[in-house]
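Report on the structure
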Amino acid sequence: MASHCHATVAAVVVAAAFAAVVAESPPHMAAFTFTKEMLSTCQEKSEISQEMVDEMQKNKGLLPDESSVAQRCFQECMAKEMGLLKNGGGVAVDNIVTVLKAALQMASEGSEDTYTIDTDAVTRDLEGCQFEGEDDECNNSHDTMKCLRSLGNPENMKRYITKES
Ligand SMILES: *[C@@H]1O[C@H](CO)[C@@H](O)[C@H](O)[C@H]1NC(C)=O
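Residues numbered from 1 in each chain as written. Predicted model: local features only at pLDDT ≥ 70, side-chain atom pairs only at ≥ 80, totals over all residues. Heavy atoms only, no water.

**Remarks on the overall build of the protein chain**
When its secondary structure is counted, the protein chain shows eight helices and four strands. Helices and strands in the protein chain line up, N terminus first, as β-α-β-α-α-α-α-β-α-α-α-β. For the protein chain, the residues scored as buried account for 48% of the 165 residues in total. Across the protein chain, contacts joining residues at least 24 apart in sequence account for 70% of those joining residues at least 6 apart. (Helix = DSSP H or I, 4+ residues; strand = E, 2+ residues; numbered from the N terminus. Buried < 20%, exposed > 50% of the residue type's maximum accessible area, 1.4 Å probe, protein only. Contact = heavy atoms within 4.5 Å.)

The structure is reproduced here in structure tokens:
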């Protein structure tokens, strides 16, 4: 879980999953973040260079080369560290919903507006990205991350998030 805010490197690899939440809604909302520790754990496991990490950050989490097993597995590692995917496979639906709710509540507290999230709709869509099992080349998790990213579009955000002033 990403609770070490002081060591947080901006929400990035998973600007992936819910980038649009951050863009569309409350100012300063960061739902999924990662720490330097998570980064180095995954860098060591997948032998990804710092330059590659920088490039991914610039790309909002998109892999510079989708055909690279190392990059796909690095993405899988980060997604697990951030609590988007479960160890052993599958989308961490409950955790994602909890984190989004908490982030919106925090954003509401720091603003004159109140943001609420339609948890049923989000849960349903996250479950649509569900997958069973992992593979050595991190293909299933890569497909899943693409699916999660595709949820973060402005139309969905309008369905998911309600703002009351
Ligand atoms: C994973 O995907 C790549 C690229 O699409 C493909 O070449 C490879 O055979 C796949 N590996 C597995 C284990 O399915």
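Resuming the write-up.
**As for the confidence of the model for the protein chain**
Of the residues in the protein chain, 81% reach a pLDDT of 70 or more, and the chain-wide mean stands at 79. Across the protein chain, the element-wise mean pLDDT spans from 34 in strand β1 (residues 8–9) up to 94 in helix α6 (residues 119–128). For the stretch residues 1–25, pLDDT sits under 50, and the model shows 61 contacts to residues farther than four places along the chain or on other chains. (pLDDT = per-residue confidence, 0-100.)

**Topic: the pattern of salt bridges**
Throughout the structure, instances matching the rule amount to five salt bridges. Here Lys 163 makes a salt bridge to Asp 113, at a shortest N to O gap of 3.8 Å. With Lys 163 in strand β4 (residues 161–164) and Asp 113 in the loop between α5 (93–109) and β3 (114–117), this residue pair connects regions lying 50 residues apart in the sequence. You can call Asp 113 buried: its relative accessible area is 17%. Asp 125 is the salt-bridge partner of Arg 159, the closest N and O atoms lying 2.7 Å from each other. Within this pair, whereas Arg 159 is found in helix α8 (residues 154–160), its partner Asp 125 is found in helix α6, the two being separated by 34 residues in sequence. The network of salt bridges with shared partners includes Glu 76, Lys 80 and Glu 134. (Salt bridge = Lys/Arg side-chain N within 4 Å of Asp/Glu carboxyl O.)

**Describing the nonpolar core**
Formed by 24 residues in total, the largest nonpolar core has its most connected members in Leu 85, Val 91, Ile 96, Val 122, Leu 126, Leu 148 and Tyr 160. The set of elements that each furnish at least two residues to this core consists of α5, β3, α6, α7 (139–151) and α8. It is α5 that contributes the most residues to this core, six residues altogether. If you look at the next biggest cluster of nonpolar residues, it comprises 12 residues, including Met 56, Leu 63, Cys 77 and Met 78. (Core = buried A, V, L, I, M, F, W, Y, C linked by side-chain atoms within 4.5 Å.)

**Brief notes about the state of the cysteines**
Taken as a whole and assessed by the stated rule, the structure comprises three disulfides. Put simply, Cys 42 and Cys 77 are joined by a disulfide, and their sulfur atoms are 2.1 Å apart. As the torsion about the S-S bond is roughly -80 degrees, the Cys 42-Cys 77 disulfide counts as left-handed. Of the two residues, Cys 42 sits in helix α2 (residues 36–46) while Cys 77 sits in helix α4 (residues 69–81), which places them 35 residues apart along the sequence. For the pair formed by Cys 42 and Cys 77, the shared burial category is buried. Here Cys 129 is linked by a disulfide to Cys 147, with a sulfur-sulfur distance of 2.0 Å. Its S-S torsion of approximately -80 degrees makes the covalent link between Cys 129 and Cys 147 left-handed. On the criterion of sequence distance, the pair formed by Cys 129 in the loop between α6 and α7 and Cys 147 in helix α7 is long-range, its members being 18 residues apart. (Disulfide = S-S within 2.5 Å.)

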